[in-house]
Amino acid sequence: QVKLVESGGGLVQPGDSLRLSCAASGRTFSLYAMGWFRQAPGKEREFVGGISWSGGTTYYADSVKGRFTISRDNAKNTVYLQMNSLKPEDTAVYYCAVDVNLDVLTTKPNYWGQGTQVTVSS
């Protein structure tokens, strides 16, 4: 059974940083692409960033490029999302996602976590 558990969300002020983590279990995730989506109130879920199994390829949404960095530790089956210079519009529930294929992960990943709330407010 695949299980993805996110952590690290919280309430921060504009300009602050936050790091999300997603621990995966149930498979050998070192061979899977991993990534993050988010969903703000009243909006559709959107892709934030993804990383290939090797870590050699990363994709980002234009809205977070230069501010967010995705990384992974295959020994720990964990993917991270470092979020810097946070803005109120980054407020959302952030979901971890996993798929065999990175391109597929950016649109319709096979596995999802339950999400962690990030709120950016002064």
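Keep in mind the model is a prediction, meaning the values are calculated, not measured. (Residues numbered from 1 in each chain as written. Predicted model: local features only at pLDDT ≥ 70, side-chain atom pairs only at ≥ 80, totals over all residues. Heavy atoms only, no water.)

Asks: It is not clear to me how the overall build of the chain should be interpreted in this structure. Could you clarify?
Replies: When helices and strands are tallied, the chain shows one helix and 11 strands. Ordered by position from the N terminus, the helices and strands of the chain form the series β-β-β-β-β-β-β-β-β-α-β-β. Residue burial in the chain is summarised as follows: out of 122 residues, 44% are buried. Contacts spanning at least 24 positions in sequence make up 57% of the contacts within the chain whose residues lie at least 6 apart. For the chain, the accessible surface area stands at approximately 6300 Å², while carbon and sulfur atoms represent 46% of it. (Helix = DSSP H or I, 4+ residues; strand = E, 2+ residues; numbered from the N terminus. Buried < 20%, exposed > 50% of the residue type's maximum accessible area, 1.4 Å probe, protein only. Contact = heavy atoms within 4.5 Å. Areas by Shrake-Rupley, 256 points an atom, 1.4 Å probe, with all protein chains shown as cover.)

Asks: Before we go on, may I ask you to explain the pairing of strand β4 (residues 33-39) in this structure?
Replies: The buried fraction of β4 is high, at six of seven residues. In terms of strand pairing, β4 meets strand β9 (residues 92-99) through seven bridges, oriented antiparallel. Directly across from Q39, in β9, lies its bridge partner V93. The sheet contact formed by β4 and strand β5 (residues 46-51) spans five bridges and is antiparallel. When the bridges of β5 are listed, F37 appears paired with F47. Hairpin remark: β4 followed by β5, antiparallel, with six residues in the connecting loop; positive phi at G42, about 75 degrees. (Pairing = 2+ DSSP bridges.)

Asks: I would appreciate a short explanation of the packing of aromatic side chains in the present structure.
Replies: Two aromatic rings are characterised by how far apart their centres lie and by the angle between their planes. If you walk through the whole model with that rule in mind, you get four aromatic pairs. When the centroid spacing of 5.3 Å and the interplanar angle of 55 degrees are considered together, the rings of F29 and Y32 count as tilted. Exposure class is identical for F29 and Y32. Each is buried. Plain terms: the ring middles of F37 and W112 are 4.8 Å apart, the flat faces sit at 65 degrees to each other, and that makes the pair edge-to-face. Here the residue F37 occupies a position in strand β4, and W112 occupies one in strand β10 (residues 111-112), the gap between them amounting to 75 residues. (Phe/Tyr/Trp six-rings, centres within 6.5 Å; stacked < 30°, edge-to-face > 60°.)

Asks: I tried to follow the sheet that holds strand β3 (residues 18-25) on my own but got confused; where do I start?
Replies: In any sheet, the strands associate via hydrogen bonds between backbone groups, in a parallel or an antiparallel arrangement. Spatial strand order, β1-β3-β8-β7: four strands in an open sheet with antiparallel pairing. With partners counted over all chains shown, the strands left at the sheet margins are β1 (3-7) and β7 (68-73), one partner each. If you compare each strand with its neighbour and ignore which way they point, the axes differ by 15 degrees on average. Both β3 and strand β8 (residues 78-83) contribute to a ladder of six bridges, which runs antiparallel. The residue of β8 that forms the bridge with L18 is M83. (Axes fitted to C-alpha atoms, helices over the stretch in contact; angles between N-to-C directions.)

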